[in-house]
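# Examining the three-dimensional arrangement
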Amino acid sequence: MPDAPAEILLLRKMHPLVEAAFEGRHTVHRLAGAADPEAVLAEIGPRIRALCVGGQVGVDAALMDRLPNLELIANFGVGYDAVDAVEAHRRGVTVTNTPDVLTDEVADLAVGLVLATLRRIPQADRYLRAGHWPKAPFPLTASLRGRRIGILGLGRIGRAIARRLESFGVEIDYHGRSRQADVPFTYHDSLLGLARAVHILIVVAPGGADTRNLVDAAVLEALGPEGILINVARGTLVGEAALTAALKAGTILGAGLDVFENEPHVPEDLAALDNTVLLPHVGSASEHTRAAMAQLVVDNVISWFEGRGPLTPVAETPWRPKT
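Residues numbered from 1 in each chain as written. Predicted model: local features only at pLDDT ≥ 70, side-chain atom pairs only at ≥ 80, totals over all residues. Heavy atoms only, no water.

### Notes on the sheet that holds strand β6 (residues 148-152)
With parallel pairing, seven strands are arranged side by side in an open sheet as β8-β7-β6-β9-β10-β11-β12. Edge positions in the sheet fall to β8 (186-187) and β12 (276-278), since each has one partner strand and no second. When β6 meets strand β7 (residues 171-175), the two strands line up parallel, connected through five bridges. The partner of Arg 148 across the bridge, within β7, is Glu 171. In the packing of helix α5 (residues 103-118) onto the sheet, contacts are made with β9 (200-203), β10 (228-231), β11 (254-257) and β12, and the angle to β10 comes to roughly 150°. Sheet contacts for helix α10 (residues 240-249): β10, β11 and β12; angle to β11, the most-contacted strand, approximately 140°. (Pairing = 2+ DSSP bridges. Helix = DSSP H or I, 4+ residues; strand = E, 2+ residues; numbered from the N terminus. Contact = heavy atoms within 4.5 Å. Axes fitted to C-alpha atoms, helices over the stretch in contact; angles between N-to-C directions.)

### A word on the environment of Arg 91
With respect to the helices and strands, Arg 91 occurs in the loop between α4 (85-90) and β5 (94-96). Residue classification places Arg 91 among the partly exposed positions, given a relative accessible area of 31%. Through-space distance from the C-alpha of Arg 91 to that of Leu 70 is 8.9 Å; in sequence the pair is 21 residues apart. Those residues within four positions of Arg 91 in sequence are excluded, and the remaining contacts are Ala 61, Met 64 and Asp 65. For Arg 91, the side chain forms a polar contact with the main-chain oxygen of Ala 61, separated by 3.3 Å. (Buried < 20%, exposed > 50% of the residue type's maximum accessible area, 1.4 Å probe, protein only. Polar contact = N/O pair within 3.5 Å; in protein donor to acceptor, adjacent residues only side chain to side chain.)

### Some thoughts on the pairing of β9
Neither face of β9 is exposed, since Ile 200 and Ile 202 on one face and Leu 201 and Val 203 on the opposite face are all buried. Bridge analysis of β6 against β9 gives four bridges, and the strand direction is parallel. Residue pairing in the sheet places Leu 152 in a bridge with Val 203 of β9. Handedness of the β-α-β unit built from β9, helix α9 (residues 217-223) and β10 comes out right-handed. (Right-handed = clockwise from strand over helix to strand, strands pointing away.)

### Regarding the pattern of salt bridges
Per the counting criterion, the structure on display carries 21 salt bridges. For Glu 226, the salt bridge is made with Arg 147, and the minimal N-O distance between the two is 3.7 Å. Residue Glu 226 is located in the loop between α9 and β10, and its partner Arg 147 is located in the loop between α6 (121-129) and β6; the two are separated by 79 residues in the primary sequence. Here Glu 226 falls in the partly exposed class, since its relative accessible area comes to 44%. Close ionic contact of Asp 173 with Arg 148 constitutes a salt bridge, the shortest N to O distance being 2.8 Å. (Salt bridge = Lys/Arg side-chain N within 4 Å of Asp/Glu carboxyl O.)

### Focus on the packing of α5 against helix α7 (residues 156-166)
One can describe the packing of α5 onto α7 by two numbers: an axis separation of 9 Å at closest approach and a directional angle of 50°. With respect to α7, the element α5 is oriented oblique. In terms of crossing hand, the pair formed by α5 and α7 is right-handed. Of the residues in α7, those touching α5 at Thr 103, Asp 104, Val 106, Ala 107, Asp 108, Ala 110 and Val 111 are Arg 156, Ile 157, Ala 160, Ile 161, Arg 164 and Leu 165. Considering only residue class, the contact of α5 with α7 consists of eight nonpolar, one polar and four charged. (Parallel < 35°, antiparallel > 145°, perpendicular 65-115°, else oblique. Left-handed = near helix turned anticlockwise from the far one by under 90°. Nonpolar A, V, L, I, M, F, W, Y, C, P; charged D, E, K, R; others polar.)

### Quick notes on α7
Here α7 has its buried residues at Ile 157, Gly 158, Ala 160, Ile 161, Ala 162 and Leu 165. Looking at the packing, one finds that the buried side of α7 touches α5, β6, β7 and β9.

### Looking at the packing of aromatic side chains
One pass over the full model with this rule turns up three aromatic pairs. Ring centres of Tyr 127 and Phe 138 lie 5.2 Å apart, and the angle between their planes is 75°; on these two criteria the pair is classed as edge-to-face. Taken together, the residues span a long stretch of sequence, with Tyr 127 in helix α6 and Phe 138 in the loop between α6 and β6 at a distance of eleven residues. Residue classification places Tyr 127 among the buried positions, given a relative accessible area of 18%. Relative accessible area serves as the criterion here: at 24%, Phe 138 is assigned to the partly exposed category. (Phe/Tyr/Trp six-rings, centres within 6.5 Å; stacked < 30°, edge-to-face > 60°.)

### Details of the nonpolar core
Within the largest apolar cluster, 52 residues are counted, with the highest numbers of intra-cluster contacts made by Val 18, Phe 22, Cys 52, Ile 161 and Ile 200. Discounting chain neighbours no more than four positions away, the residues touching Ile 200 are Val 114, Leu 118, Leu 144, Arg 147, Arg 148, Ile 149, Gly 150, Leu 223, Ile 228 and Ile 230. Counting residues in hydrophobic clusters, the runner-up holds 26 residues, among them Leu 201, Leu 220, Ala 233 and Leu 247. (Core = buried A, V, L, I, M, F, W, Y, C linked by side-chain atoms within 4.5 Å.)

### Regarding unusual backbone geometry
At the junction of Glu 263 and Pro 264, the peptide bond is cis and its omega measures out at 5° in the coordinates. Positionally, Pro 264 belongs in the loop between β11 and α11 (268-271). With phi around 70°, Asp 100 is a residue other than glycine that occupies positive phi space. Note on placement: Asp 100 falls in the loop between β5 and α5. Despite not being glycine, Asn 213 has its phi angle at roughly 55°, a positive value. Among the structural elements, Asn 213 can be located in the loop between β9 and α9. Given a relative accessible area of 36%, Asn 213 falls into the partly exposed group.

Shown next, in the form of structure tokens:
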């Protein structure tokens, strides 16, 4: 049976679909732009039953303490490492995310980054615009031909990337928590082993404390001077200082990055390098996909308060209907 109108808190400005969806159905509070957020939280915190979050806005135990009647955290994005889902589960709070609806968009971008970094597409564009072409042809680039590709994290997005790359006729290897029996790709039981075996390493594993700086100087050295690093996951998975040093020294050939350690800030020495393609975290940033993500956030909240439970609970907060 549908629940009574609830009070919902938006921690940051969100997609217009989320901003407008609950009007006339539930009471929405917005923390972004409040003159005194602490005072707002003190006043409304005990009444809040759902949070809508995203954009790496953290939800930790301290914030949950301010929201003693919280039931649901609806995260805008497939990655939810900024939300302490283990603590939420301990408190009986359900966390949801937005899987599947962004898989294809991020996979498309990952393949685009592979090609752009290998073939130096942005650099060639700048070369033409600067008027250099009449003076000399653009230098020859590396090629996808004969390259072996490694995927760190063969989840939904990793599999979608692999399916796309198969059409290029390349060999695909992977590393993750365990071997997956239903894929034809070569499994490596260590990241170092994967890096040694491939020419291109695509990072698409979850973020969080357990994977921080997983791609370090040793992994980059194993990838080697013909190696390309692509990261469409979280910036925290790659040691940014080690990566910058490896790119400067020629330890690896290049990198294509959509994510960074301290977004939206990118170190000047990394941004200055010409053997990189750098994007401002736009993996899922198409109008179509962001609308689909927003709709799933809304659908999770509505389903929850209509008594049907969450549509896409995360693994740490499994949900079972009451009997």
